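Architecture at a glance
So you can see what is in the structure, the chains are spelled out below.
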Amino acid sequence: MTPFKRWRIAIPLVIISAIALGATVLGAWAYWEKDTTAQHLLTVFLGIIFALCVGISISIGADRKIEDTPWLRIGTVALFILLACGVSWVRDVV
């Protein structure tokens, strides 16, 4: 797989993950004083999940050993984003 194809897969995943991470950090900064301890923990968990998504997405483009479509990494990013959606729903309920 050429570097262009790897980065073509990775860039949308990086952008989506980075926007979600930025929104989480911005929300944590804006509402930290008003949130409860449970919401603080869930916010930190969301930040970790989105940071992992960014890292995995970057690894898709940066790993020169990838010869085929990295479905496992793409699926991991998608799974983490779905997990974060569930966690953010729980955070809103708490």
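Before going into details, it helps to say that this report is about the structure given with it. Only a predicted model underlies this, so the values are computations on that prediction, with no experimental measurement involved.

**Here's the deal with the nonpolar core**
One finds Leu-13, Leu-46, Phe-50, Ile-60, Val-77, Phe-80 and Ala-84 to be the most contacted residues of the largest nonpolar core, which totals 14 residues. When residues of this core are traced back to their parent elements, those giving at least two are helix H1 (3-31), helix H2 (37-62) and helix H3 (71-93). For this core, the leading source of residues is H2, giving six residues. Other than its neighbours up to four places away in sequence, Leu-13 contacts Ser-57, Ile-60, Ile-74 and Val-77.

**Things to note about the side chain of Asp-35**
Position of Asp-35 among the secondary structure elements: in the loop between H1 and H2. With a relative accessible area of 15%, Asp-35 lands in the buried category. In this structure the side chain of Asp-35 is engaged in a polar contact, spanning 2.5 Å, whose partner is the side chain of Arg-91. Asp-35 has contacts with His-40 and Arg-91, leaving out every residue within four places of it along the chain.

**A look at the packing of H1 against H3**
As a packed pair, H1 and H3 sit with axes 11 Å apart at the nearest point and diverge in direction by 15 degrees. The angle between H1 and H3 falls in the class roughly parallel. You can see that H1 and H3 cross each other, and the crossing is left-handed. Every residue of H3 that contacts H1 at Ile-9, Leu-13, Ile-16 and Ser-17 is listed here: Ile-74, Val-77 and Ile-81. Residue composition of the contact of H1 with H3, grouped by class: six nonpolar, one polar and no charged.

**Some thoughts on the state of the cysteines**
Here the structure, examined in full by the defined rule, presents zero disulfides. Considering cysteine sulfurs only, Cys-85 is the nearest to Cys-53, which forms no disulfide, with 10.0 Å between them. Its relative accessible area of 0% is what places Cys-53 among the buried residues.

**Remarks on the pattern of salt bridges**
Applying the stated criterion across every chain, the model contains two salt bridges. Note that Asp-35 and Arg-91 form a salt bridge whose closest N and O atoms lie 2.5 Å from each other. You can see Asp-35 sitting in the loop between H1 and H2 and its partner Arg-91 sitting in helix H3, a full 56 residues away along the chain. Among the ionic pairs, Arg-73 bridges to Asp-63, the shortest N-O distance being 2.8 Å. Residue Arg-73 is located in helix H3, and its partner Asp-63 is located in the loop between H2 and H3; the two are separated by 10 residues in the primary sequence.

Each value, and the rule that gives it
- Residues numbered from 1 in each chain as written.
- Predicted model: local features only at pLDDT ≥ 70, side-chain atom pairs only at ≥ 80, totals over all residues.
- Heavy atoms only, no water.
- Core = buried A, V, L, I, M, F, W, Y, C linked by side-chain atoms within 4.5 Å.
- Buried < 20%, exposed > 50% of the residue type's maximum accessible area, 1.4 Å probe, protein only.
- Helix = DSSP H or I, 4+ residues; strand = E, 2+ residues; numbered from the N terminus.
- Contact = heavy atoms within 4.5 Å.
- Polar contact = N/O pair within 3.5 Å; in protein donor to acceptor, adjacent residues only side chain to side chain.
- Axes fitted to C-alpha atoms, helices over the stretch in contact; angles between N-to-C directions.
- Parallel < 35°, antiparallel > 145°, perpendicular 65-115°, else oblique.
- Left-handed = near helix turned anticlockwise from the far one by under 90°.
- Nonpolar A, V, L, I, M, F, W, Y, C, P; charged D, E, K, R; others polar.
- Disulfide = S-S within 2.5 Å.
- Salt bridge = Lys/Arg side-chain N within 4 Å of Asp/Glu carboxyl O.

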